[in-house]
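So you can see what is in the structure, the chains are spelled out below.
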Amino acid sequence: QVQLVESGGGLVQAGESLRLSCAASGSIFSINAMGWYRRAPGKQRELVAAILSGSSTNYADSVKGRFTISRDNAKNTVYLQMNSLKPEDTAVYYCNIEVMNSSYFTRSYWGQGTQVTVSS
């Protein structure tokens, strides 16, 4: 029983910034990995950024140097700082967190999605 709540999306002009957050609650013993995905109209879902338990990170080439993923372990929260936004960043952004409960069952959970719209 894990719930993810996303926030921080909105409508901005090109070049501006947004910060997304995703807070997990429920039966969580440990978090193996956190990530942000996005789905743009007419396109496949793609991984934007991921952070592992050891704090190593990975980014899609299209956002490298502009986006930063981070986490707050005490709050079970993952963030995505998005700078220098471009119209092509327009998409619904979803967080995904792989958790392990006290019985060592592991599965991934998805947030509800938050809309990011960047106008030119």
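Keep in mind the model is a prediction, meaning the values are calculated, not measured. (Residues numbered from 1 in each chain as written. Predicted model: local features only at pLDDT ≥ 70, side-chain atom pairs only at ≥ 80, totals over all residues. Heavy atoms only, no water.)

So what about the overall build of the chain? Which residues, and what values?
Across its full length, the chain carries zero helices and eleven strands. For the chain, the proportion of its 120 residues judged to be buried stands at 38%. Contacts in the chain between residues at least 24 apart in sequence constitute 55% of all its contacts with a sequence separation of at least 6. Total accessible area on the chain is roughly 6500 Å²; 47% of this is exposed by carbon and sulfur atoms. In the chain, the 11 positive side-chain charges and the 8 negative ones have mean positions that sit 2 Å from each other. (Helix = DSSP H or I, 4+ residues; strand = E, 2+ residues; numbered from the N terminus. Buried < 20%, exposed > 50% of the residue type's maximum accessible area, 1.4 Å probe, protein only. Contact = heavy atoms within 4.5 Å. Areas by Shrake-Rupley, 256 points an atom, 1.4 Å probe, with all protein chains shown as cover. Lys, Arg positive; Asp, Glu negative; His and termini not counted. Charge placed at Lys NZ, Arg CZ, Asp CG, Glu CD.)

Can you lay out the pattern of salt bridges for me, pointing to particular residues and giving the numbers?
For the structure shown, the criterion picks out four salt bridges. Taking the shortest distance from any N to any O, the salt bridge between R38 and D89 comes out at 3.0 Å. Residue R38 is located in strand β4 (residues 30-39), and its partner D89 is located in the loop between β8 (77-82) and β9 (91-100); the two are separated by 51 residues in the primary sequence. According to the relative accessible area criterion, R38 is buried, its value standing at 6%. If you follow the salt bridges from partner to partner, you end up with R38, E46, R66 and D89 in one network. (Salt bridge = Lys/Arg side-chain N within 4 Å of Asp/Glu carboxyl O.)

Can you break down the side chain of R38 residue by residue, with the values?
Within polar-contact distance, the side chain of R38 engages the side chain of S62 at 3.3 Å. Reaching out from R38, the side chain makes a polar contact with the side chain of D89 at a distance of 3.0 Å. Setting aside residues up to four positions removed in sequence, R38 forms contacts with Q44, R45, E46, V48, S62, V63, F67, E88, D89, A91, V92 and Y93. (Polar contact = N/O pair within 3.5 Å; in protein donor to acceptor, adjacent residues only side chain to side chain.)

So what's going on with the packing of aromatic side chains? Which residues, and what values?
A full pass over the atoms with the stated rule returns two aromatic pairs. Here F29 and Y104 contribute two aromatic rings whose centre-to-centre distance is 6.1 Å and whose plane-to-plane angle is 65°, an arrangement assigned as edge-to-face. Of this pair, F29 sits in the loop between β3 (18-26) and β4 while Y104 sits in the loop between β9 and β10 (106-110), and the two are 75 residues apart along the sequence. As far as burial versus exposure is concerned, F29 and Y104 are alike and both exposed. When the ring centre of Y109 is taken as origin, the NZ or CZ atom of R107, which lies over that ring, is 4.4 Å away. (Phe/Tyr/Trp six-rings, centres within 6.5 Å; stacked < 30°, edge-to-face > 60°. Lys NZ or Arg CZ within 6 Å of the ring centre and 35° of its normal.)

In short, shape yes, function no, at least from these values alone.
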